[in-house]
Amino acid sequence: MQLSGAEIVVRCLQEEGIDHVFGYPGGAVLFLYDELFKQDKVKHVLVRHEQAAVHAADAYARSTEKVGVALVTSGPGVTNAITGIATAYMDSIPMVILTGQVPTHAIGEDAFQECDTVGITRPCVKHNFLVKDVRDLALTIKKAFYIASTGRPGPVVVDIPKDITTHKTEFEYPKSITMRSYNPVVKGHAGQIKRAVKLLLEAKRPMIYTGGGVILGNASAELAQLVKMLGFPCTNTLMGLGGFPSTDRHFLGMLGMHGTYEANMAMQHCDVLLAVGARFDDRVIGNPKHFFEQPRQIVHVDIDPASISKRVKVDVPVVGNVRDVLKELIRQIEAARGGPDKESLKSWWSQIEQWRGRDCLKYDRASAIIKPQFVIEKLYQVTKGDAFITSDVGQHQMWAAQFYKFDKPRRWINSGGLGTMGVGLPYAMGVQMANPKATVACVTGEASIQMCIQELSTCKQYRLPLKLVNLNNRYMGMVRQWQEFFHGNRYSESYMDALPDFVKLAEAYGHVGMRVEKPADVEPALKEAFARKKDLVFLDFITDQTENVFPMVPGGKGLSEMILV
Amino acid sequence: MRHIISVLLENEAGALSRVAGLFSARGYNIESLTVAPTEDETLSRMTIVTSGSDDIIEQINKQLNKLVDVVKVVDLSEGDHIERELMLVKLRAIGKDREEMKRMADIFRGRIIDVTDKDYTVELTGPGSKLDAFLKAIDQSAILETVRTGASGIGRGDRILKV
């Protein structure tokens, strides 16, 4: 039977098992929306701005193992979506973004709502396609899902001109696909893994450092097994939190610019480093020259060969799916029988415990003003550590990462690579849509939240019972902190003047708003909010304006050159 | 160090811009870049001349391989290879220069492919250095216009780049 392009797109989504599409209609996608209207397998979530559609679909993917799907119209629909696409690209999130385009005959004529989607998105996608013939449509969508979800995942854009959605052809969805130009490596090289095992077993001051790859590669169980087997210390990047249980004693906390003293010191002073699904970026190891002042052997496991030896030269590169590689590591370590040297490991741990004793995350618990760290600690207690936490970008993000102990993967949803303010609320929407029964909280700040505040309307439409934890210090906190430390206390444009009354704002959108001004009220307020199972509650915590995030590795400095509280 | 890299890629719209975009986005040098379809019309072959430290070249190779349209990448500089570039030069050829220009073209095994009463157009093929040498050997004021294709390269003997 002949189907129209629009029917084919919807059928492809159904074939891929997609249950939610986040989007916003417009002229170029009217036929697609018409087909969505006629069925109920694929549920469409109407956002209030295309950026939020992409963020929500992105979080949908992050919190599940599925591919997130967004649908936007041509021109401004696409340009609004760019921030979302770039955010997903930087964090390697599997997504397919369907974009409307002006009819093929109008392309290049500066038509109404035309933009060069393939050109504009090219630097921030894993791949993109412009469909010029309806007969290519199904195969292209199949390729898009395949590319997005395999190898190092990433967003894929499929640009579909309006006339293609009306043209008809026979529909058949390919069951499987092979592409001669795209063959992601899966299995790690056995010889390299053997070398890695030898290094690990000979280590005297070992360290395991893991990133988002462990989460995306569903390798947490294998990582936990490996750490337990070896008895080595383990740290996670911001993107890797939850990849290893934060409450386990082998966990040294997050590392990097705002990592713990013990994690950064152990990273700097270890003699063998096992890096898994992480990329040694500037926020993680600081200045690479300083990092190399201490000699160490590095094993780097990553699915993307281009991530290996990019910023830091490694000794044993292992390209492969982290889960398969970790399994093979475990198998070979078991077979090797002899474990790491117990005495050396013991003295290394006693050094680490000494660093840990520095209590680098301490803050004034007796403060009469609400300390932001205190709010996160209470949030952790009230949710029993079992909530999905999304965050925006800035100080609150770092405090959430430091003080909420994630024991499970895919529970911590934030923008690590691009650092996109405004993601928190749409992320929470995507997470709640994917996990309707779960408790979902968004840790945000009064600056970030205003970047996508319009989505409170979407939350009302879909009855999303999110809890927004607004750490309101009346400043773009991280900007303020840098200005205090590095710009002589000149707080240039970082004060958030003319803030709205967030309680009234929440109420105006049909939600519940609560303002909390005293430390003693923090816990009761959180309890009350989380007891409201059906309501979105906007908790506006008036926090200490001068609080800073510690420890801090200043930009360009080495990992062990931390500013401590 | 200078490297000459051969890339086989899907002959699809936008493939060239993916490669060019990669180089500009990551700040890699491009000395020259040539591309044309191969005997298999679904494939294009590109020759890129670039330069950089070993680390940069390693990254360039990896990043090229990562592009979904790229089928194969070979760094020709890693082994024996042949490089050729085509240049067309329009030379002023009046009076005694007319003989001189003809002679220079012959010495460099160039061919005069267009003639007017005032100028010659010379076609010259060879490694880039030979083309440079020719331009240096000619009276600079006689050079009216040049156009070069950039280098194409191929491995020697049984070094074959094919799908």
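Here the structure is a predicted model, which is why all the values come from computation and not from measurement.

1. What about the pairing of strand β14 (residues 316-319) of chain A?
Residue and element names in this part refer to chain A.
Then comes step 1: Residues Val 316 and Val 318 of β14 are buried on one face, and the alternating residues Pro 317 and Val 319, pointing to the opposite face, are buried as well.
Then comes step 2: Looking at chain direction, strand β13 (residues 297-302) and β14 are connected through 4 bridges and run parallel. Looking across to β14, one finds that His 300 is bridged to Pro 317.

2. Quick notes on the sheet that holds strand β7 (residues 155-161) of chain A
One key point about sheets: their strands pair by backbone hydrogen bonds, in either a parallel or an antiparallel sense.
All names here are of chain A.
Then comes step 1: On the basis of which strands lie adjacent, the open sheet formed by 6 strands has the order β3-β2-β4-β5-β7-β6 and parallel pairing. On the outer flanks of this sheet lie β3 (43-46) and β6 (127-130), each paired with one strand and no other. Put simply, the sheet's adjacent strands are angled 20° from each other on average, direction ignored.
Then comes step 2: Relative to strand β4 (residues 68-72), strand β2 (residues 20-23) is paired through 2 bridges, and the arrangement is parallel. Directly across from Gly 23, in β4, lies its bridge partner Leu 71.

3. Overview of the confidence of the model for chain B
Then comes step 1: Predicted confidence across chain B gives a mean pLDDT of 96, with 100% of residues reaching 70 or more.
Then comes step 2: This prediction of the complex comes with two scores: 0.96 for pTM and 0.93 for ipTM.

4. Here's the deal with the packing of helix α15 (residues 372-382) of chain A against helix α16 (residues 395-403) of chain A
All names here are of chain A.
Then comes step 1: Contact geometry of α15 with α16 gives a least axis separation of 9 Å together with a crossing angle of 45°. Between α15 and α16, the interaxial angle falls into the category oblique. When you trace α15 past α16, the crossing you get is right-handed. Across the interface between the two elements, Pro 372, Gln 373, Ile 376, Glu 377 and Tyr 380 from α15 touch Gln 395, His 396, Trp 399, Ala 400 and Phe 403 from α16.

5. Describing the environment of Val 272 of chain A
Residues and elements named next belong to chain A.
Then comes step 1: Locating Val 272 in the fold gives a position in strand β12 (residues 272-276).
Then comes step 2: With 23 C-beta atoms packed within 10 Å, Val 272 lands in the buried category.
Then comes step 3: The sequence separation of Val 272 and His 290 amounts to 18 residues, and the corresponding C-alpha distance is 17 Å.
Then comes step 4: Residues within four places of Val 272 in sequence aside, it is in contact with Leu 199, Leu 200, Ala 203, Pro 206, Arg 296 and Gln 297.

6. Notes on the interface of chain B and chain A
You'll often see interface size given as the accessible area lost when the parts meet.
Then comes step 1: At the junction of the two partners, chain B supplies 16 residues and chain A supplies 12 residues.
Then comes step 2: Listed by contribution, the elements that provide at least two residues to the side of chain B that touches chain A are α1 (15-25), α2 (54-66) and β4 (70-75) of chain B.
Then comes step 3: The leading source of residues in the side of chain B that touches chain A is α2 of chain B, at 5 residues.
Then comes step 4: Considered class by class, the residues forming the side of chain B that touches chain A number 5 nonpolar, 5 polar and 6 charged.

7. Describing α1 of chain B
All names here are of chain B.
Then comes step 1: Of all the positions in α1, only Ala 15, Arg 18 and Val 19 are classed as buried. Buried residues along α1 cover an arc of 95° about the axis, so they all sit on one side. Facing away from the buried side of α1 by more than 90 degrees, the exposed set consists of Ser 17, Ser 24 and Ala 25.
Then comes step 2: Packed against the buried residues of α1 are β1 (2-10) and β3 (43-51).
Then comes step 3: Positive backbone phi, at 70°, marks Gly 27, one or two positions downstream of α1.

8. So, unusual backbone geometry
It is generally the case that most residues other than glycine have a negative phi and that most peptide bonds are trans.
Residue and element names in this part refer to chain A.
Then comes step 1: The omega torsion across Phe 550 and Pro 551 is -10°, close enough to zero to call that bond cis.
Then comes step 2: Positive phi is not limited to glycine here, since Lys 384 has a value of about 55°.
Then comes step 3: Within the secondary structure, Lys 384 is located in the loop between α15 and β15 (388-391).
Then comes step 4: Positive phi is not limited to glycine here, since Arg 410 has a value of about 65°.

9. Some words on helix α13 (residues 322-336) of chain A
All names here are of chain A.
Then comes step 1: The end-to-end C-alpha distance of α13 is 21 Å, a good match for the 21 Å that 15 residues give at a rise of 1.5 Å each.
Then comes step 2: Buried within α13 are the following residues: Val 322, Arg 323, Val 325, Leu 326, Glu 328, Leu 329 and Ile 333.
Then comes step 3: Contact partners of the buried residues in α13: α7 (190-202), α8 (212-216), α9 (220-230), β12, β13 and β14.
Then comes step 4: Once α13 ends, the next one or two residues include Arg 337, with phi positive near 65°.

10. Things to note about the sheet that holds strand β16 (residues 412-413) of chain A
Residues and elements named next belong to chain A.
Then comes step 1: Read across the sheet, 6 strands follow the order β16-β15-β17-β18-β20-β19 without closing on themselves; strand pairing throughout is parallel. Edge positions in the open sheet fall to β16 and β19 (512-516), since each of these has one partner strand only.
Then comes step 2: In terms of strand pairing, β15 meets strand β17 (residues 440-445) through 4 bridges, oriented parallel. In the sheet register, Phe 388 faces β17, and the bridge partner there is Val 440.
Then comes step 3: Here α15 sits on the sheet and contacts β17, β18 (467-472) and β20 (537-542); the angle it forms with β18, its principal contact strand, is near 160°.
Then comes step 4: Sitting on the sheet, helix α17 (residues 424-434) is in contact with β15, β16 and β17, with an inclination near 175° to β17.

11. Things to note about the packing of α9 of chain A against α13 of chain A
Residue and element names in this part refer to chain A.
Then comes step 1: In contact at an axis separation of 9 Å, α9 and α13 are set at 25° when each is read in the N-to-C sense. The orientation of α9 relative to α13 falls into the category roughly parallel. The element α9 and its partner α13 pack so that their crossing is left-handed. Where α9 abuts α13, its residues Glu 222, Leu 223, Gln 225, Leu 226 and Met 229 lie against Arg 323, Leu 326, Lys 327, Leu 329, Ile 330 and Ile 333.
Then comes step 2: Tallied by class, the residues present in the contact of α9 with α13 amount to 7 nonpolar, 1 polar and 3 charged.

12. Quick notes on the nonpolar core
Then comes step 1: Counting residues in hydrophobic clusters, the biggest one holds 209 residues, and the most contacted among them are Val 9, Ala 53, Ala 70 and Val 96 of chain A.
Then comes step 2: Not counting the four nearest positions on each side in its chain, Val 96 of chain A is found in contact with Val 67, Val 69, Ala 144, Phe 145, Ala 148, Val 156 and Val 158 of chain A.
Then comes step 3: Membership of the second largest hydrophobic core comes to 12 residues, among which are Val 89, Ala 93, Ala 105 and Ile 138 of chain B.

Criteria and cut-off values
- Residues numbered from 1 in each chain as written.
- Chains lettered and ligands numbered in written order.
- Predicted model: local features only at pLDDT ≥ 70, side-chain atom pairs only at ≥ 80, totals over all residues.
- Buried ≥ 20, exposed ≤ 12 C-beta atoms within 10 Å, placed from the backbone.
- Helix = DSSP H or I, 4+ residues; strand = E, 2+ residues; numbered from the N terminus.
- Pairing = 2+ DSSP bridges.
- Axes fitted to C-alpha atoms, helices over the stretch in contact; angles between N-to-C directions.
- pLDDT = per-residue confidence, 0-100.
- Parallel < 35°, antiparallel > 145°, perpendicular 65-115°, else oblique.
- Left-handed = near helix turned anticlockwise from the far one by under 90°.
- Contact = placed C-beta atoms within 7 Å.
- Nonpolar A, V, L, I, M, F, W, Y, C, P; charged D, E, K, R; others polar.
- Arc of directions from axis to C-beta.
- Expected span 1.5 Å × (residues − 1).
- Core = buried A, V, L, I, M, F, W, Y, C linked by C-beta atoms within 7 Å.

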